[in-house]
2 protein chains.
Amino acid sequence: MATKLTVDGNTAAAHVAYAFSDTAAIYPITPSSTMAEVCDEWAAHGRKNIFGQVMKIAEMQSEAGAAGAVHGSLSAGALTTTFTASQGLLLMIPNMYKIAGELIPAVFHVSARCLATHALSIFGDHSDVMACRQTGFAMLSSASVQEVMDLATVSHLATLKSRVPFLHFFDGFRTSHEVQKIDAIDYDDIAKMIDMNAVKQFRAASMNPEHPELRGTAQNPDIYFQNREASNKYYDAVPEIVESCMQQVYEVTGRKYNLFDYYGAPDAEKVIILMGSGCDAVEETVDYLMGKGEKVGVVKVRLYRPFSIKHFIGAIPKTAKSIAVLDRTKEPGALGEPLFADVCTAVKEVGLDVTVIGGRYGLASKEFTPSMVKAVYDNLGEKAPLNHFTVGINDDVTGLSLKIKEEIDTSPAGVSRCKFFGLGSDGTVGANKNSIKIIGNHTDKYAQGYFAYDSKKSGGITVSHLRFGDTPIKAPYLLTVSDFIACHNSSYVTRYDLLEGIKEGGVFLLNSPWSTVEELEHQLPAQMKNTIAKKKIKFYNIDAIDLGGKIGLGSRINMIMMSAFFKLAEIIPEADAVKYMKEAIVKSYGSKGEKIVNMNNAAVEAGLTGIVEIKYPESWATATEGAVPVVVPATEYFNNVVKPILAQQGDNLPVSAFIDNVNGIVPSGTTKYEKRGIAIKAPQWIIENCIQCNQCSLVCPHACIRPYLLTDEQVANAPETFVTKKATGKAYEGLQFKMQLSPLDCTGCGNCADV
Amino acid sequence: MATKLTVDGNTAAAHVAYAFSDTAAIYPITPSSTMAEVCDEWAAHGRKNIFGQVMKIAEMQSEAGAAGAVHGSLSAGALTTTFTASQGLLLMIPNMYKIAGELIPAVFHVSARCLATHALSIFGDHSDVMACRQTGFAMLSSASVQEVMDLATVSHLATLKSRVPFLHFFDGFRTSHEVQKIDAIDYDDIAKMIDMNAVKQFRAASMNPEHPELRGTAQNPDIYFQNREASNKYYDAVPEIVESCMQQVYEVTGRKYNLFDYYGAPDAEKVIILMGSGCDAVEETVDYLMGKGEKVGVVKVRLYRPFSIKHFIGAIPKTAKSIAVLDRTKEPGALGEPLFADVCTAVKEVGLDVTVIGGRYGLASKEFTPSMVKAVYDNLGEKAPLNHFTVGINDDVTGLSLKIKEEIDTSPAGVSRCKFFGLGSDGTVGANKNSIKIIGNHTDKYAQGYFAYDSKKSGGITVSHLRFGDTPIKAPYLLTVSDFIACHNSSYVTRYDLLEGIKEGGVFLLNSPWSTVEELEHQLPAQMKNTIAKKKIKFYNIDAIDLGGKIGLGSRINMIMMSAFFKLAEIIPEADAVKYMKEAIVKSYGSKGEKIVNMNNAAVEAGLTGIVEIKYPESWATATEGAVPVVVPATEYFNNVVKPILAQQGDNLPVSAFIDNVNGIVPSGTTKYEKRGIAIKAPQWIIENCIQCNQCSLVCPHACIRPYLLTDEQVANAPETFVTKKATGKAYEGLQFKMQLSPLDCTGCGNCADV
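First, a word on what this report is: a plain description of the structure on this page. All values derive from a computational prediction rather than experimental measurement. (Residues numbered from 1 in each chain as written. Chains lettered and ligands numbered in written order. Predicted model: local features only at pLDDT ≥ 70, side-chain atom pairs only at ≥ 80, totals over all residues. Heavy atoms only, no water.)

As a further point, take the nonpolar core. Counting 263 residues, the largest nonpolar core has Leu 167 and Val 242 of chain A together with Leu 167 and Val 242 of chain B as its most contacted members. Ignoring sequence-local partners within four residues, the contact set of Leu 167 of chain B consists of Leu 89, Met 96, Phe 108, Val 110, Val 129, Cys 132, Phe 137, Ala 138, Met 139 and Leu 140 of chain B. Counting 43 residues, the second largest nonpolar core, distinct from the first, contains Phe 566, Val 597, Met 599 and Leu 608 of chain A. (Core = buried A, V, L, I, M, F, W, Y, C linked by side-chain atoms within 4.5 Å. Buried < 20%, exposed > 50% of the residue type's maximum accessible area, 1.4 Å probe, protein only. Contact = heavy atoms within 4.5 Å.)

Okay, here's the thing in structure tokens:
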């Protein structure tokens, strides 16, 4: 019986990499860092790999060094792995050619990430791994957290048998950071699958002073070509070896994989071909469209290199009339992106009579939803389908983007979808991860969590997207429809469209100091009130800041909000939730003493009892007045580009919005127009205590505490509440002093409290 | 009137790069180093670019640093270039994405080179540039030294107009190091062509504290994709911009280029598509085959990225039935190599009804000759042509290689082909470069020189391949047929097949101490004598070592051999040759004083008069006896692999010879079986002077001077000529001392003479 794990994709990869490896040479880079981190942690705790040894991990000075160390370590006979992404992977390319050329078994686990071009992006696409497709590495793609577990295993098994090194990759963030409840492959099972003869051969072939050999020679035009061709048979053998390792995994897990997996109608006429996390979005859409009688299907590419034309052609239904190949990368100047070119080449080679169209999607983790998938199938149905299209954006410049004609909801019945708006470092994400673990580990339910951060990290917005259901959850995209939405920061009500996509009759939980309809009438924007009333939302408020303060937890409201969530979302019985939360508290805080445990237990109770249901009037449905967002006069660039981004509406910006800044060079000094107002507590000037030392101003990292000197005339013209005191110091004679806070810029970080 | 230059491809590229660039950030790597070297030299001499400034060159700590410096320098508004190849280029990839993403005009000049895989190789193929095809750089390919001059200019012109950076590449060694007489594009003409508005815009857009901007931002999933697509129109514009710049170059030079150039029968049925130096070999073969009535043609790819499908399809004759796409790279695991995949994609996209076959050739400067080209056309004529073939090797393992059924000689009439065997550092290559310059600069004749070194460099073999003719010389391959062959080192007669490919009635000039038929009867191997007599070779000997010694030039025989070459090869009248050689001597050595000049003039005379024609007997045609090479008992690996390589027969080794060492790991300690015997002077033990200090042994870098202690018994068993002296020192009482030379290992380096 396989162990159930509720983990992210990185941890799943690390689980396997750790099992198979003696050593890892690493350098951290988002979104891969977690893989090395958890290996490091396991090693520190003495966890044993399948050889009964603790992994040895070395952090190098860069990924170039890590790749060199991997090559050296492999040459010395240690089974060695590494974890990387993006530019880090690019730095490994020279060594990858060497490792492949020397036919050394190895697996690089890559959380595929966008490459820095006009701008960097830490998010996921296939630009980095596609830059390695010519190195001679085999490339195996995992589309979900479960697949990471399974295909990472296949990679390690197959590299040993084939001697060809493997790049095992999965989508950065979407898969690397998505938390899912999956079946682990236990180390005992791995130990049964591994080819120990191959391990022995690998170790025997290593550098050894007992049998010196010459490596790294220089070859001239006379023999290099012949020697390079001598490796053909190793590559020819890879597809069958990978198939056999997939069969091994199937026999242990019951989960079946092929080099190319077809899903859909056996008589499909329209077929999408892609790899990575997008596969599951297409699969979900195929189910939906087949339900409507459409003849559609999808070929999921697993083994991208070596590309087995035989297996590929075998996976396409004979009824296929048109194919859309989706690439999650952009290669400017190429006829088409790489998977598209490969498919065209294969189709041309065997003379298959089928239309092939190529498109780009999901660059830098751009969302890829069932509605977009449907647009791709719709395009295939056109008389003259758009080729080299994009999907997921509005390209109003080169006109390449597909129109999304219909927003569809393909979620299977019985899935609970819960969204949480938090402030970076407020504990929301951590609490949600705990919620998933509690539900995943204590029940038969499946759980999925994805956490969207903005780049401000601490103090920025976080949006947690959680799904719970009775069957494995596949949807690899953000929530488009939500049953439950919680907002943990009251300043968000005027800044974001919090209720976008909430279901008719859904639950909205707000953390705010406003517990009466009257206050909310005043504090909520009109549009939010409209939505609440029109959609008959069950609306609750909780003043978690106040409750937390009383308990002694200060601004740490996560336990209170988690408890409130369990009560309102009703995914598991309240009593069970309370029990599991309290067990988790003992596990997490037990070592910190009874007081902390008790405070957290009190928070659980406060969450259950502190909720106030808001009995809003029906008139909210047509309300036209309410809170309005702060508007600061700003530049055109700020208003047209930055402002929508800050309002979480950047996805809606068309290509034309970037024409003036196509090269990634943008005006500076735009932060001053951004008035966030996120501080839940702000400093107050205690005029009678002030000695005018200005230290409070000095320690404010956000420059929100600002000392001023004023003339009598200025003071005379100031409003009544504008208090000042006589400036000290001979130089300032006749002037008044004032310490002024800019509350909309204050983040409430509390640095000033230490002065 | 354009200046004529007799230069190599690197110098041609540097000529253009220097003209257009304010700065260059570089790191040297073979075969690109010359480009930076000559720029550095020109800068040191104050040469001005077209802006009237001296180029500023900075050598960084690696190519990664060079690429970063290029990016920074460009951002600061300096027109910046760089020169690199192979792994050096790989280290630039991360910055290439940035430079392209930021749409900064720049040209990287790359002498395309093989990448280190199972072994490194410094030689030429397209593996390195193909590893950059996804970076967003435009890629323009030059196929000859003249094209380097012309298309380097196009690259610089087009990048400024398009803002897309260019990778301008040409084949490492074959083009970078081939010396050709070409037309330069003068700086005045370049200054007329450049778009100064674009230069102004580039400089105005640079980083400047007067108008600060924000670069290098991080973008999130919401906007990265749209911003990336905003660059489409810049790439869409490149093909037309490159065409217009080609037109500018045409107007100045009369040399016409297109994005894809077709050459051959207008009604061709078989078409080869390729890029790089191989184009000229195919063109020569097309002429030959068309002369025989075959309907063949070739599409030469110039602008590889952006790949303009419109221009590409337009270049293929409508009559084409089958296409062979040749790639000078290998991507193990790919369905086919990159140009092949692009052609398949293009053909599939427009629905062209034509068979497309892919093949690999010329890895690591593997020869690509007209006979191989014919084999490619022959394959296209087969009922079931071999796909994914190789040509130029014998693949007896995977059976992918094409058979060369017929060796053809496609040289146009009137071309003189001269081959020289020299010893690294003996001055042969330098003298040949001078010969080309003399003929190129003083006559209307065209000249081409290519110099093959082995990796031993100093003390290794060099083979110079020279062609002279009345029309531009295109043959981008080694001599397969020679009118004149010179051997500058007498030890080669038993080691190499010196006369391979010599024409009936051709000239053979040997430098040896053997000036009589009797001596030569004894010193030459039987096979060589057979060839000389059967092919009625005009055979001359010269004892250049002796002549040089008498003049006072020691072992520097290059001037003597050059003079002898001019006399015997009769490419230009002897009197003219003497005049030009003497002028060159004054130019080269004038500053070193009259004595040196006179010695070299004496060498010229000695070369003319020192030649002895060998009146060999007809019986040589059937001689069965003669000198035999030294054979040392060795390992199987040495005999089967290393020995043919050392005999310059490595090209004939089949793929199966490398099966046991496919990963590039080979047995060590093979040098000991290699008995080169290349020393023209070897040290002699002067027994009466010897104080047994052993210093001579210590300074011998090749460990050929070996001290021994012997017992009386050993001495008694030694041959008579084996002299010894009493060993000094108490510890050695009763023993005899001997300093023994290993003459076959001695290189004649002369280190021991200094002791």
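Residues and elements named next belong to chain A. For the pair helix H19 (residues 558-569) and helix H20 (residues 574-589), the least separation of the axes is 9 Å and the interaxial angle reads 155°. Judged on the interaxial angle alone, H20 and H19 are roughly antiparallel. Note that H19 runs across H20; the crossing there is right-handed. For the pair H19 and H20, the contacting residues are Met 559, Met 562, Ser 563, Phe 566 and Lys 567 in the first and Glu 574, Ala 577, Met 581, Ile 585 and Tyr 589 in the second. Here the residues of the contact of H19 with H20 sort into seven nonpolar, one polar and two charged. (Axes fitted to C-alpha atoms, helices over the stretch in contact; angles between N-to-C directions. Helix = DSSP H or I, 4+ residues; strand = E, 2+ residues; numbered from the N terminus. Parallel < 35°, antiparallel > 145°, perpendicular 65-115°, else oblique. Left-handed = near helix turned anticlockwise from the far one by under 90°. Nonpolar A, V, L, I, M, F, W, Y, C, P; charged D, E, K, R; others polar.)

Here we take up the side chain of Arg 133 of chain A. Position of Arg 133 of chain A relative to the elements: it lies in the loop between helix H5 (127-130) and strand E6 (138-142). Among the polar contacts made by the side chain of Arg 133 of chain A, one reaches the main-chain carbonyl oxygen of Met 130 of chain A at a distance of 3.0 Å. Of note is the side chain of Arg 133 of chain A, whose polar atom sits 2.9 Å from the side chain of Glu 331 of chain A. If near-sequence neighbours (up to four positions away) are discounted, Arg 133 of chain A is found in contact with Met 139, Tyr 304, Arg 305, Glu 331 and Pro 338 of chain A together with Arg 133 and Gln 134 of chain B. (Polar contact = N/O pair within 3.5 Å; in protein donor to acceptor, adjacent residues only side chain to side chain.)

A few words now on the pattern of salt bridges. Residue and element names in this part refer to chain A. With the rule as written, the count across this model stands at 78 salt bridges over all chains. The shortest N-O distance in the salt bridge between Lys 295 and Asp 267 comes to 3.7 Å. One end of the pair, Lys 295, is in the loop between helix H11 (278-291) and strand E12 (296-301); the other, Asp 267, is in the loop between strand E10 (260-264) and strand E11 (270-274), with 28 residues separating them in the sequence. Judged by relative accessible area, Lys 295 falls into the partly exposed class, the value being 38%. Among the ionic pairs, Lys 503 bridges to Asp 483, the shortest N-O distance being 2.9 Å. Separated by 20 residues along the polypeptide, Lys 503 in strand E21 (residues 502-511) and Asp 483 in strand E20 (residues 482-487) bring together distant segments of the chain. (Salt bridge = Lys/Arg side-chain N within 4 Å of Asp/Glu carboxyl O.)

A separate point is the sheet that holds strand E19 (residues 461-469) of chain B. Residue and element names in this part refer to chain B. The strand order E1-E8-E18-E19-E17-E20-E21-E22-E23 describes an open sheet built from nine strands, whose pairing is mixed. At either margin of the open sheet sits one strand with a lone partner, and together these are strand E1 (4-8) and strand E23 (612-613). As judged from the five bridges shared by strand E21 (residues 502-511) and strand E22 (residues 538-542), these two strands associate in the parallel manner. The residue bridging Leu 509 from the neighbouring strand is Tyr 540, located in E22. (Pairing = 2+ DSSP bridges.)

In this section: the interface of chain A and chain B. Listed per partner, the contact involves 104 residues of chain A and 104 residues of chain B. Buried surface at the junction of chain A and chain B, summed over both partners, amounts to about 9,400 Å²; 63% is from carbon and sulfur atoms. Interface area lost by chain A to chain B is led by Tyr 224, Phe 225 and Leu 335 of chain A, which between them contribute 9%. Glu 229 of chain B is the partner of Arg 360 of chain A in a salt bridge, and the nearest nitrogen-oxygen pair spans 2.7 Å. Our count for the contact surface shared by chain A and chain B stands at 42 residue pairs in polar contact (both at pLDDT 80 or more). (Buried area = accessible area lost by both parts, 1.4 Å probe.)

Residues and elements named next belong to chain A. Negative charge collects at one region of the surface, where Glu 37, Asp 40, Glu 41 and Glu 59 lie side by side. The element best represented in the negative patch is helix H2 (residues 33-44), accounting for three residues. A relative accessible area of 43% places Asp 40 in the partly exposed class. (Patch = residues over 30% accessible without salt bridge, like charges linked within 9 Å, V, L, I, M, F, W, Y side chains within 5 Å. Areas by Shrake-Rupley, 256 points an atom, 1.4 Å probe, with all protein chains shown as cover. Lys, Arg positive; Asp, Glu negative; His and termini not counted. Charge placed at Lys NZ, Arg CZ, Asp CG, Glu CD.)

Residues and elements named next belong to chain B. Among the six residues that make up strand E20 (residues 482-487), six are buried, leaving the element largely enclosed by the rest of the structure. Looking at chain direction, E20 and E21 are connected through five bridges and run parallel. By the bridge assignment, Ile 485 is partnered in E21 with Phe 508.

All right, on to the packing of helix H1 (residues 9-20) of chain A against H2 of chain A then. Residues and elements named next belong to chain A. At their nearest, the axes of H1 and H2 sit 8 Å apart, and the two run at 50° to each other. One way to sum up the angle between H1 and H2 is to call them oblique. Considering the relative orientation of H1 and H2, their crossing is right-handed. Residues Asn 10, Thr 11, Ala 13, Ala 14, His 15 and Tyr 18 of H1 form the contact with H2, whose own contacting residues are Thr 34, Met 35, Val 38, Cys 39, Trp 42 and Ala 43. Broken down by class, the residue content of the contact of H1 with H2 amounts to eight nonpolar, four polar and no charged.

Moving on to the sheet that holds strand E27 (residues 736-741) of chain A. By definition, the strands of a sheet pair up through backbone hydrogen bonds, in either a parallel or an antiparallel sense. All names here are of chain A. Here three strands make up an open sheet; going across it, the order is E25-E27-E26 and the pairing antiparallel. If you trace the sheet from one side to the other, it starts and ends with strand E25 (705-710) and strand E26 (725-726), each paired once. As defined by bridge partners, E25 adjoins E27 across six bridges and the pair is classed as antiparallel. Looking at E27, one finds that Arg 706 is bridged to Gln 740.

This part covers the environment of Ala 281 of chain B. Residue and element names in this part refer to chain B. Positionally, Ala 281 belongs in helix H11 (residues 278-291). Taking C-alpha positions, Ala 281 is 31 Å from Gly 664, a pair spaced 383 residues apart along the chain. In this structure Ala 281 touches Phe 368, Pro 370, Val 373, Pro 476 and Tyr 477, once residues within four positions along its chain are discounted.

Relative to chain B, chain A is turned by 180° and slid 0.0 Å along the rotation axis, the superposed coordinates differing by an RMSD of 0.1 Å. Both copies of the chain, as the preceding transformation shows, are related through a two-fold rotation axis. In this assembly, 100% of the residues forming the interface of chain A have copies in chain B that are likewise at the interface, indicating an isologous arrangement. (Least-squares fit on C-alpha atoms with pLDDT ≥ 70 in both.)

Another aspect to go through is H11 of chain A. All names here are of chain A. Relative to the 20 Å expected for 14 residues at 1.5 Å per residue, H11 spans 20 Å between its end C-alpha atoms, a close match to the ideal helical length. With ten of 14 residues buried, H11 is to be regarded as a mostly interior element. Positive phi appears at Gly 293, one or two residues downstream of H11, with a value of about 90°. (Expected span 1.5 Å × (residues − 1).)

Excluding glycine, residues mostly have negative phi values, and the peptide bonds linking residues are mostly trans. With an omega of -5°, the peptide bond between Thr 30 of chain B and Pro 31 of chain B qualifies as cis. Relative to the assigned elements, Pro 31 of chain B resides in the loop between strand E2 (23-26) and helix H2 (33-44). Of note, the bond from Arg 305 of chain B into Pro 306 of chain B is cis; its omega dihedral lies within 30 degrees of zero at -10°. With respect to the helices and strands, Pro 306 of chain B occurs in the loop between strand E13 (303-305) and helix H12 (309-315). Of note in this structure, Gln 648 of chain A is not a glycine but carries a positive phi near 65°. Mapped onto the elements of the fold, Gln 648 of chain A is located in the loop between helix H22 (636-646) and strand E24 (666-667). Gln 648 of chain A sits in the partly exposed class, given a relative accessible area of 38%. Backbone geometry at Phe 173 of chain B places phi at a positive 65°, although glycine is not the residue there. Looking at the secondary structure, you find Phe 173 of chain B in the loop between strand E7 (166-171) and strand E8 (179-183). You can call Phe 173 of chain B buried: its relative accessible area is 6%.

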